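This is what each chain is made of:
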Number of protein chains: 2
Amino acid sequence: MGRPRQAILSPEKIYRAALDLVDEFGDFTLPGLAKRLSVSPSSIYHHVQGRPEIINGIRSVIGADALASGDFFTAGADWRDRAAAWARSYRRALGQHAKCIPLLVGEAVTDHATLEIYEHLAALFVEQGFSANDVVVAVTVLDNFMLGSALDVAAPESAWLADAEAQPALHAAFADASLAGPRSDLSFEVGVAAIIAHLGTLVA
Amino acid sequence: MGRPRQAILSPEKIYRAALDLVDEFGDFTLPGLAKRLSVSPSSIYHHVQGRPEIINGIRSVIGADALASGDFFTAGADWRDRAAAWARSYRRALGQHAKCIPLLVGEAVTDHATLEIYEHLAALFVEQGFSANDVVVAVTVLDNFMLGSALDVAAPESAWLADAEAQPALHAAFADASLAGPRSDLSFEVGVAAIIAHLGTLVA
DNA sequence: ACCTGAACACCGTTCAAGT
DNA sequence: ACCTGAACACCGTTCAAGT
């Protein structure tokens, strides 16, 4: 066929198609991606280096969409509310692509969009007069909890397949619980409230 | 060669060898696993169903070792100390095999050892008089933070490759911080203290 | 029951060939 | 510059054949 007059592919198109595949099937393959893009597998290599770069691209697309939503710009409000909103927004963004998270964890963050998201959080603490040490710890604590909670979104409500005989306390708790909403969401709010209340003691 | 008088393999041996490979290289392949066990790839299928079962086996080995360490039996102490010890112990167990975590997340927990570990935590809250709802939330919150923090152990200290120009607050905080220990460990303790203090308000 | 070697479909990546 | 088809090494899994 040869070169088309107008390029069919772009890194962005490749990343978005890969994101779609992961959302749908929990993973992607280069041949599957090529098929989705109506292209030959080898064509993809004219735009990205390889599979790892595509995975990184998925992260950046999620981050860019989250930034574009404007959720991270809740200026004016109390810093506690803004920190909580940050965690809530990024967890929602990741949770919308919960099947991607296992693919993303364990890879270093280098894309601009994701770093920008964390810059928002760090700036918030700096503004509040946190020391460098406290900013690092505050960002880490909130990020760790946010990420652990986002991972939990992917897990089915019955991911805890406890046995009534072998794990009586665990089984009974889940069997008898009557939560007023999704377990993961409610727990997230409890944890965020706990963490932010504690961070407040650093600033006082 | 045919069947040996004494079986060379067992599920346990396969799981442990796979764990070793992941610790060393961050992943494992069936051919690589077979080589490590001085066996043919097809031999492995006489003992386990396939790769997913091996991944589940890795989790159960980590859980069994953690249970065997006795860290989860800190009876007598205050429930707050025991809950903190639980999170600390399991994070340490997972952190010792940090490269495994990306492989484990996103898979439902079904192995006995891991469920036993969560049973310890649930029983602790039940003992304390938590309602079923509160047990579920307390277990979820502590688990989510513990897992997020364990993932952070795998990340290099410089996983946040912030740019001085583009992300000034984030960059400056990490550049100027002088923490009295590993960022991940210190942050974990701060978060656990925050969460447990908050859980204490449920029981009061 | 348990190990082997051959075989299959599939995957990620490379590269020469085309426009 | 950008797409294609052929090719390569490799992977997970199956299966008939051996003891």
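As shown above, the structure is provided for reference.
So, how was this worked out
Residues numbered from 1 in each chain as written. Chains lettered and ligands numbered in written order. Predicted model: local features only at pLDDT ≥ 70, side-chain atom pairs only at ≥ 80, totals over all residues. Heavy atoms only, no water. Core = buried A, V, L, I, M, F, W, Y, C linked by side-chain atoms within 4.5 Å. Buried < 20%, exposed > 50% of the residue type's maximum accessible area, 1.4 Å probe, protein only. Contact = heavy atoms within 4.5 Å. Near = heavy atom within 4 Å. Polar contact = N/O pair within 3.5 Å; in protein donor to acceptor, adjacent residues only side chain to side chain. Helix = DSSP H or I, 4+ residues; strand = E, 2+ residues; numbered from the N terminus. Nonpolar A, V, L, I, M, F, W, Y, C, P; charged D, E, K, R; others polar. Least-squares fit on C-alpha atoms with pLDDT ≥ 70 in both. Buried area = accessible area lost by both parts, 1.4 Å probe. Salt bridge = Lys/Arg side-chain N within 4 Å of Asp/Glu carboxyl O.

**Student:** Help me get a handle on the nonpolar core, residues and values and all.
**Tutor:** One finds Phe28 and Phe125 of chain A together with Phe28 and Phe125 of chain B to be the most contacted residues of the largest nonpolar core, which totals 138 residues. With near-sequence residues (within four places) excluded, Phe125 of chain A lies in contact with Trp79, Ala83, Phe130, Val135, Ala138, Val139, Leu142 and Leu199 of chain A.

**Student:** Kindly report on the protein's contact with DNA strand D, identifying the contributing residues and their values.
**Tutor:** Arg3, Ser42, Ser43 and His47 of chain A together with Leu30 of chain B are the nearest of the 23 residues found near DNA strand D. Each atom of DNA strand D within 4 Å of the protein was assigned to sugar, phosphate or base; sugar and phosphate come to 53%. Within the backbone of Leu30 of chain B, one N or O atom sits 2.5 Å away from a phosphate oxygen of DNA strand D. One nitrogen or oxygen atom from the side chain of Tyr45 of chain B is found 2.7 Å from a phosphate oxygen belonging to DNA strand D. Residue assignment for the surface near DNA strand D shows that the elements contributing at least two residues are helix H3 (41-44) of chain A together with helix H2 (30-36) of chain B. Along the lines of polarity and charge, the residues of the surface near DNA strand D split into ten nonpolar, ten polar and three charged.

**Student:** So what about the side chain of Arg59 of chain A? Which residues, and what values?
**Tutor:** Examined against the element boundaries, Arg59 of chain A turns out to sit in helix H4 (residues 51-68). Beyond its immediate sequence surroundings of up to four residues, Arg59 of chain A is in contact with Leu104, Glu107, Ala108, Val109, Asp111 and Thr114 of chain A.

**Student:** How would you explain the relation of the copies chain B and chain A if you had to name every residue and give the values?
**Tutor:** For the pair of chain copies, the relating transformation is a rotation about an axis with a translation along it. Expressed as a screw operation, the relation of chain B to chain A combines 0.0 Å of axial shift with a rotation of 180°, fitting to an RMSD of 0.0 Å. Put plainly, the chains are arranged around a two-fold axis.

**Student:** Any details on the interface of chain B and chain A? Residues and values, ideally.
**Tutor:** Of the residues lining the interface, 52 residues belong to chain B; the matching set on chain A comes to 52 residues. Interface of chain B and chain A: buried area, both sides summed, is about 4,500 Å²; carbon and sulfur atoms make up 74% of it. Among the residues chain B hides against chain A, the three largest losses belong to Val136, Asn144 and Trp160 of chain B. Together they make up 12% of the total. For the pair chain B and chain A, the number of links is zero salt bridges. One can count ten residue pairs in polar contact (both at pLDDT 80 or more) joining chain B with chain A. Those elements that place two or more of their residues in the side of chain B that touches chain A are helix H7 (112-127), helix H8 (132-154), helix H9 (168-176) and helix H10 (183-203) of chain B.

**Student:** Any details on the protein's contact with DNA strand C? Residues and values, ideally.
**Tutor:** Around DNA strand C there are 23 residues in total, and Leu30 of chain A together with Arg3, Ser42, Ser43 and His47 of chain B lie nearest to it. A distance of 2.4 Å separates a base oxygen of DNA strand C from a polar side-chain atom of Ser42 of chain B. Here Ser43 of chain B contributes a side-chain N or O atom positioned 2.5 Å from a phosphate oxygen of DNA strand C. Mapped onto the surface near DNA strand C, the elements with two or more residues apiece are helix H2 (30-36) of chain A together with helix H3 (41-44) of chain B. Taken together, the residues of the surface near DNA strand C break down into ten nonpolar, ten polar and three charged.

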